[in-house]
Amino acid sequence: MGSQRNEVRVMKVRATLPMYPHILPNLGDFICTHHDFIGINELMTLPVSLYFLSTDLQLAYLVRVKGDADVYNTKKYPFVHYGQKRDAVYAYVVPLARFYRYVDTLDVIDRRVVWIHHSFRCGSTIWAQIFHDLPGWTVISENLFHPHTMIGELPVDEAFEFSKSGEFRQMALAGFKFNVSRAPADHNVVVKGAYHEGYLFDTVAPTFKNMTILHVYRNVLPSGKSMYNAFIHFDNIEMMFERAGNQFFWSEYYMRNIAGAYTMSWPDTVAAIRQTPPTDIFEWFVAVWCSLNSIALKNIHKYDIKCIKFEHFQSDKKSSIDKVFRYLDIDQSLAASALQSVERDSQANTYISHKERAKSKMWQRIEESVKRCNRILQTLGFPDIDSDFTMPNTL
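Parameters at a glance
Each residue is numbered by its place in its chain's sequence as written, counting from 1. Per-residue local features are limited, in this predicted model, to residues with pLDDT of at least 70; the limit for side-chain atom pairs, both in listing and counting, is 80 or more; totals at the level of whole chains, interfaces and linings are taken over all residues. To obtain the side-chain values, all non-hydrogen atoms of the structure were used and water was disregarded. Among buried residues, the Ala, Val, Leu, Ile, Met, Phe, Trp, Tyr and Cys ones that are joined through side-chain atoms within 4.5 Å form a nonpolar core. For every residue, the accessible area (1.4 Å probe, protein chains only) is compared with the maximum for its type, and the residue is labelled buried under 20%, exposed over 50%, or partly exposed between those bounds. In DSSP terms, a helix is any run of H or I states spanning at least four residues, a strand is any run of E spanning at least two, and both are numbered starting from the N terminus. Only heavy atoms enter the contact rule, under which two residues are in contact if any of them lie within 4.5 Å. Each Phe, Tyr or Trp ring (for Trp, its six-membered ring) is paired with any other whose centre lies within 6.5 Å, and the angle between the two planes then decides the class: stacked below 30 degrees, edge-to-face above 60, tilted in between. Each ring is checked for a lysine NZ or an arginine CZ that lies within 6 Å of its centre and within 35 degrees of its normal; such an atom marks a charge sitting over the ring. Any two strands between which DSSP finds at least two bridges are classified as paired.

**Student:** Where do I start with the nonpolar core in this structure?
**Tutor:** Soluble globular proteins tend to bury their nonpolar side chains together. With 80 residues, the main nonpolar core has Leu43, Leu62, Phe99 and Phe176 as its most contacted residues. With 12 residues, helix α15 (residues 281-299) is the largest single contributor of residues to this core. For Phe99, the contacting residues outside a window of four places in its chain are Ile40, Leu50, Leu53, Ala60, Val94, Ala174 and Phe178. Ile126, Trp127, Leu214 and Ala338 belong to the second-largest nonpolar core, a separate cluster that totals 24 residues.

**Student:** How should the side chain of Ser54 be read in this particular structure?
**Tutor:** By the secondary structure assignment, Ser54 is in strand β3 (residues 49-54). Beyond its immediate stretch of four places on either side in the chain, Ser54 contacts Leu59, Leu96 and Met171.

**Student:** How do you make sense of the packing of aromatic side chains when you look at a structure like this?
**Tutor:** Aromatic ring pairs are described here by two measures, namely the spacing of the ring centres and the angle between the planes. Considering all chains together, one arrives at 18 aromatic pairs under this definition. Arranged with centres 6.4 Å apart and planes meeting at 5°, the rings of Phe30 and Tyr61 form a pair that is stacked. Of this pair, Phe30 sits in strand β2 (residues 30-38) while Tyr61 sits in strand β4 (residues 59-65), and the two are 31 residues apart along the sequence. With respect to burial, Phe30 and Tyr61 carry one shared label: buried. The ring of Tyr90 is capped by Lys12, whose NZ or CZ atom sits 4.7 Å from the centre of that ring.

**Student:** Is there a simple way to think about the pairing of strand β1 (residues 8-16) in this case?
**Tutor:** The two faces of a sheet get side chains in turn, since along a regular strand they alternate between them. Pairing geometry for β1 and β2, over eight bridges, is antiparallel. Each residue of the ladder has a partner; that of Val13, found in β2, is Cys32. Relative to strand β5 (residues 88-95), β1 runs antiparallel, the two being bridged by four bridges. Residue pairing for β5: Met11 is matched across the bridge by Ala91.

Below, the structure is given as structure tokens:
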């Protein structure tokens, strides 16, 4: 397919907005000036990565980072989106229709892909780094290209309906296929999604012929406590969740206008939250944990999902790695070197590194809050917050 010179607008990134964990990629992240126009075929020879897609703006937005660094290097960039935003030097704007036509030419559906779906604070980034250290593997860790950027602004019921639309599925699949295509042709590819990507199951899984899905999870109480510790130290998050007033923040306005994308993949969660509205950030984390594990349970037999429990990994790392390598038919002799991957901070140099979290507050147990958490868990069919929970198909 021919490529015209003016298909892609090239912009020089002059400044980047501060990194906030709850604000996902969007057009306002960078202050840019116009630099040039190029064709899409020329663009794809450059070390670019997908930043976000938008049906509202009808564009694909890609970036190139300083020094042409590899944003898929999970040691340098544990999360792709973090490296993109921190180090972008050029941005590229492609009309969405032209981006789709390019993606249609990609031959990727036969490639071996391991998709890591997960709940939060469960060791999934450790697994991404284990795979990264294997020869012949490329890991794409939390590239937040997907329409979540847009649907997070929709009312929750509309977001769920949009997630089932052809327009949404076309966008989600195009982004996923593009990411897989950026790995060397002879590599296996691991895609570690962000923790709110459960809506991709029925879009992506049937398309890739050699896809394996892993779900990484952790018990709800340590997950929630770790999430609290990881994010509450941000001034803007603390203000929103602790100073703005619970009655306003946890109102239907919040449910409809901010939370949609985190719960849309499992609408029963929304009903449970409306039945027992969270009154603080920890209760909200419990509700999200339910949503993420519910969508995995819903699809676990449909797509033969195998699960990895953090507590099992924590208690016996070698055994856990051996089981996963055996299941994926990875040379067992590589397990020893994989063990070395878990000794470092898997989220070093990010806003949730060990160093940053050491500055943060720890969650303090409040029994009334625990009771509300247990009501949410019970409504969605999970044991109470102090229980040990094991998913089916856990390796």
